[in-house]
Amino acid sequence: MRQTLHEYSFTSGESKIHMKSDNDEALRKAAAEIKRHRRELLCYINEHPEFRYAMHPVAPAQNAPRIVQAMASAAFKANVGPMASVAGALADVGLGSMLKLGASVAIVENGGEIAAFTEEPIIISILSGDVSLSGRMGFCLGREDCPIGIATSSSRTNRTLSFGEADSVTVIADNAALADAAATAICNSVIGLGIKESIERGLERAKRIDGVRGVLIIREGYSGIWGNLPRIIRIT
């Protein structure tokens, strides 16, 4: 029998977060944890502004908060600035909090970046700058896929900084912080007049990032897939 899922949404600064879980109490506790870790992050970057503005990995201070360390780790693996992983890192915080309280279904979406765990099949839609595909296909996640991080980067939106030309790069990784950072790095490599060649460069970039399980790249009607992705389905 399919469980009833509770939902909770809130905004904290630039973060717009939507969560689902079978455990209603866990949602409130996760929101409090996300807000606490976000405050710790803001305090840290006020004292270490280079962490906010760096376009390359930055080593955290020895006593840095846990979220700073998680962001720095993801940034080093993907070779990008640490703020490229912030949305995913906050999603990971929420997921971890819900799992500690015994949730069997826990989904945290922060600006399109997702951290999830489920013991029953759930569907996550894929967004893309290609409007003919965006929201019309998705991943069917099962217990065997979890925990999982899913993130998408696109050159077609001004929501995030991207130097690439992909309509979308959707990354599946061990956690959302890494998926977020890797999506940025891979999208940045999908560039140039040769569309197929640029997609191939993106796939090769994905293969070199430890912890990335798979990637889906879409650019101007062409696509490329590598790795171990959850089952892709059509959403009608």
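Scroll up to find the structure.
Residues numbered from 1 in each chain as written. Predicted model: local features only at pLDDT ≥ 70, side-chain atom pairs only at ≥ 80, totals over all residues. Heavy atoms only, no water.

### Let's talk about the sheet that holds strand β4 (residues 113-118)
Taking strand neighbours across the sheet as the criterion, the eight strands line up as β1-β2-β3-β4-β7-β8-β9-β10 in an open arrangement whose pairing is antiparallel. Because the sheet does not close on itself, it has two edges, and the strands there are β1 (6-12) and β10 (222-227). Neighbouring strand axes in the sheet, compared pairwise and without regard to direction, differ in orientation by 10 degrees on average. One ladder, built from three bridges, connects β4 with strand β7 (residues 148-153); its direction is antiparallel. Bridged to alanine 115 within β7 is glycine 149. Against the sheet, helix α1 (residues 24-47) touches β1, β2 (15-21) and β3 (105-110), its axis set at about 15 degrees to β1. (Pairing = 2+ DSSP bridges. Helix = DSSP H or I, 4+ residues; strand = E, 2+ residues; numbered from the N terminus. Axes fitted to C-alpha atoms, helices over the stretch in contact; angles between N-to-C directions. Contact = heavy atoms within 4.5 Å.)

### Overview of helix α5 (residues 176-189)
A rise of 1.5 Å per residue sets the reference length of α5, with its 14 residues, at 20 Å; its end C-alpha atoms lie 20 Å apart and thus fit the reference within 8%. Of all 14 residues in α5, 13 are buried, a share of seventy percent or more. For α5, the N-terminal cap is asparagine 175; the gap from its side-chain oxygen to the backbone nitrogen of alanine 177 is 3.3 Å. (Expected span 1.5 Å × (residues − 1). Buried < 20%, exposed > 50% of the residue type's maximum accessible area, 1.4 Å probe, protein only. Polar contact = N/O pair within 3.5 Å; in protein donor to acceptor, adjacent residues only side chain to side chain.)

### Some remarks on the packing of aromatic side chains
Counted according to the given criterion, the structure contains two aromatic pairs. Centroid distance tyrosine 8 to phenylalanine 10: 5.9 Å. Interplanar angle 40 degrees. Geometry classified as tilted. Arranged with centres 5.5 Å apart and planes meeting at 85 degrees, the rings of tyrosine 44 and phenylalanine 51 form a pair that is edge-to-face. Each member of the pair tyrosine 44 and phenylalanine 51 is classed as buried. (Phe/Tyr/Trp six-rings, centres within 6.5 Å; stacked < 30°, edge-to-face > 60°.)

### Points about the side chain of histidine 37
By the secondary structure assignment, histidine 37 is in helix α1. Residue classification places histidine 37 among the buried positions, given a relative accessible area of 2%. Each residue touching histidine 37, except ones within four places of it in the same chain, is listed here: Arg66, Ile67 and Val93.

### Digging into the nonpolar core
Of all hydrophobic cores here, the largest spans 76 residues; its most connected members are Met19, Phe51, Met98, Val169, Val171, Ile186 and Ile217. In terms of residue count, α5 provides more of this core than any other element does, 10 residues in total. (Core = buried A, V, L, I, M, F, W, Y, C linked by side-chain atoms within 4.5 Å.)

### Structural notes on the sheet that holds strand β11 (residues 231-234)
If you walk across this open sheet you meet the three strands as β5-β6-β11, and the pairing is antiparallel. The two strands at the open ends of the sheet, each matched to only one other strand, are β5 (122-125) and β11. Going from strand to strand, the sheet's axes swing by 40 degrees on average, the running direction of each strand aside. As defined by bridge partners, β5 adjoins strand β6 (residues 137-141) across four bridges and the pair is classed as antiparallel. Directly across from isoleucine 122, in β6, lies its bridge partner leucine 141.

### A short note on the pairing of β10
Inspection of the sheet shows strand β9 (residues 212-219) paired to β10 by six bridges, in the antiparallel sense. Note on β10: the bridge partner recorded for arginine 219 is tyrosine 222. Counting the residues in the hairpin turn of β9 and β10 gives two residues, including glutamate 220, whose phi is positive at 50 degrees.

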